[in-house]
Amino acid sequence: MSGMDKLQNKAQELAGKGKEAAGKATDDQDLQAEGHKDQAAGNAKQAGEKVKDIFK
């Protein structure tokens, strides 16, 4: 299941990048912030998955 989790985390990160870019293009600071938050969450989850992999 770890592979699926990694894929979902990467998808969340990429979606965040898309939101941030859309926010910049439309000058929507709320959308930019939401995209940045999604990216950070995806990165944090990926870091957690890497730690779990180390202890396998």
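None of these values were measured; they are calculated from a predicted model. (Residues numbered from 1 in each chain as written. Predicted model: local features only at pLDDT ≥ 70, side-chain atom pairs only at ≥ 80, totals over all residues. Heavy atoms only, no water.)

Draft legend 1. Representation of the packing of helix α1 (residues 2–26) against helix α2 (residues 29–54). Between α1 and α2, whose axes approach to 7 Å, the crossing angle comes to 160°. Taken together, the axis directions place α1 and α2 in an arrangement best described as roughly antiparallel. As α1 runs across α2, the sense of the crossing is left-handed. (Axes fitted to C-alpha atoms, helices over the stretch in contact; angles between N-to-C directions. Helix = DSSP H or I, 4+ residues; strand = E, 2+ residues; numbered from the N terminus. Parallel < 35°, antiparallel > 145°, perpendicular 65-115°, else oblique. Left-handed = near helix turned anticlockwise from the far one by under 90°.)

Draft legend 2. Examining a nonpolar patch on the surface more closely. A cluster of nonpolar side chains, Val51, Ile54 and Phe55, forms an exposed patch at the surface whose accessible area comes to about 370 Å². By relative accessible area, Phe55 is classed as exposed at 68%. (Patch = residues over 30% accessible without salt bridge, like charges linked within 9 Å, V, L, I, M, F, W, Y side chains within 5 Å. Areas by Shrake-Rupley, 256 points an atom, 1.4 Å probe, with all protein chains shown as cover. Salt bridge = Lys/Arg side-chain N within 4 Å of Asp/Glu carboxyl O. Buried < 20%, exposed > 50% of the residue type's maximum accessible area, 1.4 Å probe, protein only.)

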